[in-house]
Structures are given as C-alpha cells and as structure tokens.
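# Structural overview for review
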Amino acid sequence: NAGVTQTPKFQVLKTGQSMTLQCAQDMNHNSMYWYRQDPGMGLRLIYYSASEGTTDKGEVPNGYNVSRLNKREFSLRLESAAPSQTSVYFCASNRGVTYNEQFFGPGTRLTVL
Amino acid sequence: GQQVMQIPQYQHVQEGEDFTTYCNSSTTLSNIQWYKQRPGGHPVFLIQLVKSGEVKKQKRLTFQFGEAKKNSSLHITATQTTDVGTYFCAEGGSRLTFGEGTQLTVNP
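Residues numbered from 1 in each chain as written. Chains lettered and ligands numbered in written order. Predicted model: local features only at pLDDT ≥ 70, side-chain atom pairs only at ≥ 80, totals over all residues. Heavy atoms only, no water.

This next bit is on the packing of aromatic side chains. With the rule as written, the count across this model stands at 12 aromatic pairs over all chains. Relative to F104 of chain A, the ring of Y35 of chain A lies with its centre 5.6 Å away and its plane at 35°, an arrangement referred to as tilted. With Y35 of chain A in strand β4 (residues 31-37) and F104 of chain A in strand β10 (residues 103-104), this residue pair connects regions lying 69 residues apart in the sequence. Residue F104 of chain A is classed as buried on the basis of its relative accessible area of 6%. Centre to centre, the rings of Y35 of chain B and F98 of chain B are 5.5 Å apart; their planes meet at 55°, and the pair counts as tilted. (Phe/Tyr/Trp six-rings, centres within 6.5 Å; stacked < 30°, edge-to-face > 60°. Helix = DSSP H or I, 4+ residues; strand = E, 2+ residues; numbered from the N terminus. Buried < 20%, exposed > 50% of the residue type's maximum accessible area, 1.4 Å probe, protein only.)

Here is the structure:
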C-alpha cells in the first residue's frame, strides 16, 4: 500500500496563477483533509471531506476550493495564487470513526512569487 | 475544534537528557492525539489518549492525560538524536485541532 500520495512535491507559482494539488489514498478511508503548515503555526485545516460527496470548510478556507472526486481522491485548487499562500500543504485521511488516527501524505511545498 | 496550547515552542537538550512537552486547554478535551514530524517530513501518529488520568508508554516515551482532561504531556527519557523533530498534540474526533508544536533538537 502506498498510503497517502500527493503531487506535485514542489511547485513555484507566480501571483495570480492557478493550480491543483492532487491527493489520493489507497486505505479505503472515508475522511480526507487538507492542511497548510507555516513556520511556528502548526497545522491548520483548510477543508475536509467527511465522506465521499461531502466537503466542509476548515479554519482557513479563503482562497481555496476542493473536490472530492471519489472515495480515493481529494484535490485542492488555488484559483488565483497569492504570496500569502506560500506554505507546505499536507493531505491526510482517516477512517472517519471518532478517535481515529490521521495518516498524512509527504506534502507539497508551494512558493508563490 | 477546541484550542490547545503547547509549550515550550522550542527545546534544546544534550543527548541523554530528558524532554517534556505540554499541551493545555481551558476546556475539557474529548481526547488527545500526539504526532511526531521529523525535519522535512510529514506528521506521523504516535498515540491517542481518551480516559481521564490515562498513562501510556512506548519504549522511552511516556504519554499522560490529565485527571481533568484539560492537559496532556509527552515525556522522553534519555533523548537520542533520533528523537529530533517537532511533536504536536491534537484534539478532536474525525476533525482535529493541532497545537503549534514543540521543536526538539538534540546535541550529540
């Protein structure tokens, strides 16, 4: 099992450009999450999907959109990138049962110039 | 999710010394999870605590959940260079709220 995979690993964008971060999991998990991590600020939830067909805003959703394409895949889109979106983005998944550990992907390091 | 405050933000120790990080909340927590993130890596689940006063051990790591379920701690005995990384606590059910983490460096 590959677990949680993310593409790309690195990306540099210019202000105003758009891009989609891809995430897939092969653990048959119900819930999937997108976080951003900035120095000294821990992990902040952007969006999550409790189950296939549903998505909900997290703590910092502005400037992002998501799509739960199927049970395996959850993508994060930046429509018009801004320098404030320079960060490391992590995708995670879990079974969705309360008190269940989250499994994280390797992350995407995004720089917006 | 509820807010969890984690201290200290940074900790530098000599190899062999002990290390403790604390996670605190002003309200009762449903549970606490602990994660470790190596430099340049991704968070990896360590453990979950659910019961009041719960204590769990993993080799040199000891995890505690307070009696009032408002605080938790992670203690590492005799640190090694392999313990380097950032330790996060997190609270919640399927949707977690993470503390800001404690970054541990170990001097050999």
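There is more to say after this.
Tallied over the full model, the rule gives 2 disulfides over all chains. Disulfide pairing is shown between C23 of chain A and C91 of chain A; the S-S distance is 1.8 Å. Measuring the twist about the S-S bond at about -70°, one finds the C23 of chain A-C91 of chain A disulfide to be left-handed. Placement of the pair is C23 of chain A in strand β3 (residues 19-25) and C91 of chain A in strand β9 (residues 87-94), with a sequence separation of 68 residues. Grouping residues by exposure puts C23 of chain A and C91 of chain A together as buried. Note on cysteine connectivity: C23 of chain B is disulfide-linked to C89 of chain B, with sulfurs 2.0 Å apart. Residues C23 of chain B and C89 of chain B share a disulfide whose torsion about the S-S bond is about 70°; that sign makes it right-handed. Of this pair, C23 of chain B sits in strand β3 (residues 19-24) while C89 of chain B sits in strand β9 (residues 85-92); the two residues are 66 residues apart in sequence, bridging distant segments of the chain. Accessibility expressed as a relative area gives 0% for C89 of chain B, which makes it buried. (Disulfide = S-S within 2.5 Å.)

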